[in-house]
Amino acid sequence: MRFDLVDLRLFLHVVEAGSITHGAERMHLAIAAASTRIRNMEASLGVALLERERQGVKPTEAGRTLVQHARLLLQQAERMRDDLNEYAEGVRGQVRLLSNTNALTEFLPELLSAFLAAHPQINIDLEERLSNEIVRAVADGTADLGIVAATVEMAGLETIPFRTDRFVLVVPPDHRLASLNEAAFAAALDCDFVGLDRASALQRFLAEKAERVGRRLKLRVQLRSFDAVCRLVECNVGIGVVPATTAERHAETMAIRRIELTDDWAVRNLTICVRKLADLPVYARQLVQHLAMPK
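This text gives an overview of the structure that appears in the document. Note that the structure is a prediction, hence the values are computed from the model and not measured. (Residues numbered from 1 in each chain as written. Predicted model: local features only at pLDDT ≥ 70, side-chain atom pairs only at ≥ 80, totals over all residues. Heavy atoms only, no water.)

### Here we look at the environment of Gln-55
Here is step 1: On the secondary structure map, Gln-55 appears in the loop between β1 (50-53) and β2 (56-59).
Here is step 2: By relative accessible area, which is 81% here, Gln-55 ends up exposed. (Helix = DSSP H or I, 4+ residues; strand = E, 2+ residues; numbered from the N terminus. Buried < 20%, exposed > 50% of the residue type's maximum accessible area, 1.4 Å probe, protein only.)

In structure tokens, the structure reads:
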């Protein structure tokens, strides 16, 4: 095998972007140069690493194996550099963090703000995903760490408690459900809903829960934040599902009523997951320590 860390980093970018063009842009390489590097890697290994399709590329089985090893090699190289140059001026690091909707909107903004202020040389690549997608990404090395609902299977990963929250229904004060203290999600599916946009991990999660009982969410409008959901609920556009922390915060200033959801999935014990904490670069381990639930 004759390829270097630049080749490995390029290959990861191409796989993550689903495109040689976009992968080359991330590496500040010409497309022709990036394509040549990928072809040389395939020739060196004697196996195809990418499936070329009209709308982009995706890794072959051999490519997925290379992704795992490349991620580990780059992490180890980054950790070596970090250990040797931890205090050297200009040394930077980047952490790829995936999170579900709840943690991303309710907990991470303040936590990451404090961490980044204290570590100006560290960048965080943050993306919202469903919990099961996050676990797969951490397991195959395409993410450094993830924050997921503890209900998903995380065999083979190291886990650290993050926070606990739960989902609740929010309704206008004069809504027919407003007199209830608690309700099952299925009992609310006859109502119009205000939800998050289609790209939201939570919205996809709720749609799946509705489909499991043979129903569909009746979405009147889709927004980009829980704050906006609560505001539209107050205006009688529909009802919504939001974290309890959001409902408590906005109930002080908005005319909304909180109803506990009785579904098991409504309780959200959130967990940090990593492949192996000891293998992460120093700055990534520092982020995990910063995010972990206070003892």
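Further notes follow.
### Thoughts on the side chain of His-250
Here is step 1: Within the fold, His-250 resides in helix α10 (residues 244-251).
Here is step 2: Residue classification places His-250 among the buried positions, given a relative accessible area of 10%.
Here is step 3: Ignoring any residue separated from it by four or fewer positions in sequence, one finds His-250 in contact with Asp-227, Cys-230 and Ile-256. (Contact = heavy atoms within 4.5 Å.)

### Quick word on the nonpolar core
Here is step 1: Among the nonpolar cores identified, the biggest contains 38 residues, and Phe-185 and Phe-193 are the most heavily contacted of them.
Here is step 2: The set of elements that each furnish at least two residues to this core consists of β6 (158-171), β8 (192-196), α8 (201-212), α9 (226-234), β10 (240-243), α10 and β11 (257-261).
Here is step 3: If sequence neighbours within four positions are ignored, Phe-185 has contacts with Phe-193, Leu-206, Lys-209, Ala-210, Leu-217, Val-241, Leu-261, Asp-263 and Trp-265.
Here is step 4: Listed in part, the 24 residues of the second largest apolar core include Ile-122, Phe-162, Val-288 and Leu-291. (Core = buried A, V, L, I, M, F, W, Y, C linked by side-chain atoms within 4.5 Å.)

### Here we look at the environment of Val-221
Here is step 1: Position of Val-221 relative to the elements: it lies in strand β9 (residues 218-223).
Here is step 2: The partly exposed category is assigned to Val-221, whose relative accessible area is 25%.
Here is step 3: Along the primary structure Val-221 and Leu-196 are separated by 25 residues, whereas in three dimensions their C-alpha atoms are 8.2 Å apart.

### Quick word on the packing of aromatic side chains
Here is step 1: Under the counting rule described, the total for this entry stands at four aromatic pairs.
Here is step 2: Between Phe-107 and Phe-162, the aromatic rings sit 5.9 Å apart at their centres with planes inclined by 90 degrees, giving edge-to-face as the arrangement. Separated by 55 residues along the polypeptide, Phe-107 in the loop between α5 (101-106) and α6 (108-118) and Phe-162 in strand β6 bring together distant segments of the chain. Neither Phe-107 nor Phe-162 differs from the other in exposure class; each is buried.
Here is step 3: With a centroid separation of 6.1 Å and 70 degrees between ring planes, the pair formed by Phe-185 and Phe-193 is classed as edge-to-face. Neither Phe-185 nor Phe-193 differs from the other in exposure class; each is buried. (Phe/Tyr/Trp six-rings, centres within 6.5 Å; stacked < 30°, edge-to-face > 60°.)

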